[in-house]
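Summary of structural features
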Amino acid sequence: TTTHPSIQYIINHKSIKQQHTTTTTMDAVDFELSSLASNPSHMFGGNIAMNGDEYVRCTRCGFGGCDVRVSGCGCTLHARCMLLPKGQPMAACPTCRRPSSGLVLFPMSFREIDEAKRTSVALPNAPKGRGRKRKSGSEASAIDEKVGAYVSERRTGRWTQEETALCEKLINKFQTGELPVTGGMKLNEFLGNMLKSKQSRLTKKMKNAKLSSKTYNAAAGGILDDIEAREFSEIEDCFFQAIQCHQERAEIKFHMQREWRGGVSPNCAP
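Now for a quick tour of the structure. (Residues numbered from 1 in each chain as written. Predicted model: local features only at pLDDT ≥ 70, side-chain atom pairs only at ≥ 80, totals over all residues. Heavy atoms only, no water.)

**A look at the packing of helix α4 (residues 161-176) against helix α5 (residues 187-195)**
It is at 11 Å that the axes of α4 and α5 come closest, and there the two elements cross at 140 degrees. Overall, the two elements α4 and α5 adopt an arrangement that is oblique. Between α4 and α5 lies a crossing whose hand is right-handed. Touching Glu-163, Leu-166, Cys-167, Leu-170, Ile-171 and Phe-174 of α4 are Leu-187, Phe-190, Leu-191, Met-194 and Leu-195, all from α5. Across the contact of α4 with α5, the residue classes break down as ten nonpolar, no polar and one charged. (Axes fitted to C-alpha atoms, helices over the stretch in contact; angles between N-to-C directions. Helix = DSSP H or I, 4+ residues; strand = E, 2+ residues; numbered from the N terminus. Parallel < 35°, antiparallel > 145°, perpendicular 65-115°, else oblique. Left-handed = near helix turned anticlockwise from the far one by under 90°. Contact = heavy atoms within 4.5 Å. Nonpolar A, V, L, I, M, F, W, Y, C, P; charged D, E, K, R; others polar.)

**Brief notes about the sheet that holds strand β3 (residues 102-105)**
Taken in spatial order, the three strands line up as β2-β1-β3 in an open sheet, and their pairing is antiparallel. Strands at the two margins of the open sheet, each flanked by one partner only, are β2 (76-77) and β3. As paired elements, strand β1 (residues 68-71) and β2 share two bridges and run antiparallel to each other. Bridge pairing in β2 places Val-68 opposite Leu-77. (Pairing = 2+ DSSP bridges.)

**Some points on the packing of helix α7 (residues 226-242) against helix α8 (residues 246-264)**
Taken N-terminus to C-terminus, the directions of α7 and α8 make an angle of 150 degrees; their axes are 9 Å apart at the nearest point. Counting all contacts with α7, which are made through Phe-232, Glu-236, Phe-239, Phe-240 and Gln-241, the residues of α8 involved are Arg-249, Ile-252, Lys-253, Met-256 and Trp-260. Split by residue class, the contact of α7 with α8 holds six nonpolar, one polar and three charged.

**A few points about α7**
An ideal rise of 1.5 Å per residue puts 24 Å on 17 residues; α7 measures up with 25 Å between its terminal C-alpha atoms. Among all positions of α7, only Ala-229, Phe-232, Ser-233, Ile-235, Glu-236, Phe-239 and Phe-240 are buried. For α7, the arc enclosing every buried residue in end-on projection is 160 degrees, short of the 170-degree limit, so these residues lie on one face. Facing away from the buried side of α7, by more than 90 degrees, are the exposed residues Ile-227 and Gln-241. Tucked into the core, α7 has its buried residues touching α4 and α8. (Expected span 1.5 Å × (residues − 1). Buried < 20%, exposed > 50% of the residue type's maximum accessible area, 1.4 Å probe, protein only. Arc of directions from axis to C-beta.)

Below you can see the structure in the form of structure tokens.
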């Protein structure tokens, strides 16, 4: 049976229109994915976008709490997972190798630390942390108006297994030069700042490590091996989870993130 030319025209026209609609839909999807890649904040909405780096996963290690986003491709990374080229501008993402125009630093998020403070007030009998005496109220932590950040007292008391493991990993990567740290920094200064620990506490724990005699010599801007980058983040996360006091945990996470970002911020867009 021969199809009438008019009917065949309608069939062909509908087929072409359907194909065009499918192509247009796929183009829209590709555009949306591209938009999300270049600005992943769209996934979560405006407020979380500006203050929600804890929701964004690192492209290399897979853990949250990213510090930077690569312009162009949208890859998100921790400062320690970022491998910057030495002595030259970054023309491509070090992770996916797509063209890039530089780095964008995520704004620091106060969400978790504010929630922890509210919870601490509402639940005065909540866990106060293992082996740690906390001051109460505004003595424990406050906002430094000059830098717009929370500051609190240095850590004291017993070392947990998780903190010891993190400290040993920090020492290892400090010695191999795989951290975003200023050249010439002393190991005892670095550990004290990163762990927010009193020097006397560090010296007592690491008395055979000769902390004050070791200085940082950069071999790379971050951790070179992908597996080791993930292992580092796992150890850091275990350290955070071992802190029973919600407020103390939020404070140390905020503090450590600020320390990590100090090493990579000069390479980011203003």
